[in-house]
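Below are the chains, spelled out letter by letter.
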Amino acid sequence: MKSDLESQVEQRDIPAKLLYDLTSVRIDAIDGKLEMLETRINQLKQLSKEANKIYQAQKDDLKKFIDRLMEIADPKG
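This structure is a prediction, so every number in the text was calculated from the model and none was measured.

It is worth spelling out the overall build of the chain at this point. From N to C terminus, the chain includes two helices and zero strands. In the form shown here, the chain has an accessible surface area of approximately 7,500 Å², with 59% of it arising from carbon and sulfur atoms.

So, in structure tokens, the structure goes:
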């Protein structure tokens, strides 16, 4: 029993080599796009890590600032 693709190839008289070449080109294009997406995802992960570090530093600085204001407002503690 022939697959649909095989039947289509025979009906349209598409040479198998041409079909293989077209499929290979399409697969290569998809692979290239996947590589670009993986690269972009890795860049976004790195940016996220850096943003989190900045956020933590600012959060710590704000806490220190508030603690200092509280000391000034009530020096007896």
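Here we come to the pattern of salt bridges. For the structure shown, the criterion picks out two salt bridges. Residue R68 pairs with E71 through a salt bridge whose shortest N-O separation is 3.2 Å. One end of the pair is R68 and the other is E71, both in helix α2 (residues 16-73) and three residues apart, which spans about a single turn. The class of R68 is partly exposed, set by a relative accessible area of 47%.

Our next topic: a nonpolar patch on the surface. On the surface, L62, F65, I66, L69, M70 and I72 cluster together into a nonpolar patch covering about 620 Å² of accessible area. Its location among the elements puts L69 in helix α2.

A word on a negative patch on the surface. A cluster of acidic side chains, namely D28, D31, E35 and E38, defines a negative patch on the protein surface. Inspection of the secondary structure puts D28 in helix α2.

Rules of the game
Counting restarts for each chain, with residues numbered from 1 along the sequence as it is written. Per-residue local features are limited, in this predicted model, to residues with pLDDT of at least 70; the limit for side-chain atom pairs, both in listing and counting, is 80 or more; totals at the level of whole chains, interfaces and linings are taken over all residues. The basis for every side-chain value is the complete set of heavy atoms in the structure, and neither hydrogens nor water enter the calculation. Under the scheme used here, helices are H or I runs from DSSP no shorter than 4 residues and strands are E runs no shorter than 2 residues, and both carry numbers assigned from the N terminus. All accessible-area figures derive from a Shrake-Rupley calculation using a 1.4 Å probe, and residue coverage is judged against the displayed protein chains alone. For salt bridges, the criterion is a side-chain nitrogen of Lys or Arg within 4 Å of an Asp or Glu carboxyl oxygen. Whether a residue is buried, partly exposed or exposed follows from its accessible area with a 1.4 Å probe, protein chains only, as a fraction of its type maximum: under 20%, in between, or over 50%, in that order. Each patch is built from residues that are more than 30% exposed by relative accessible area and take part in no salt bridge. Like charges join if they lie within 9 Å; nonpolar side chains (Val, Leu, Ile, Met, Phe, Trp, Tyr) join within 5 Å. The positive count covers Lys and Arg only, the negative count covers Asp and Glu only, and His and the chain ends enter neither. Positions of charges follow a simple convention, taking NZ of Lys, CZ of Arg, CG of Asp or CD of Glu.

Everything listed is a geometric property; what it means functionally is a separate question.
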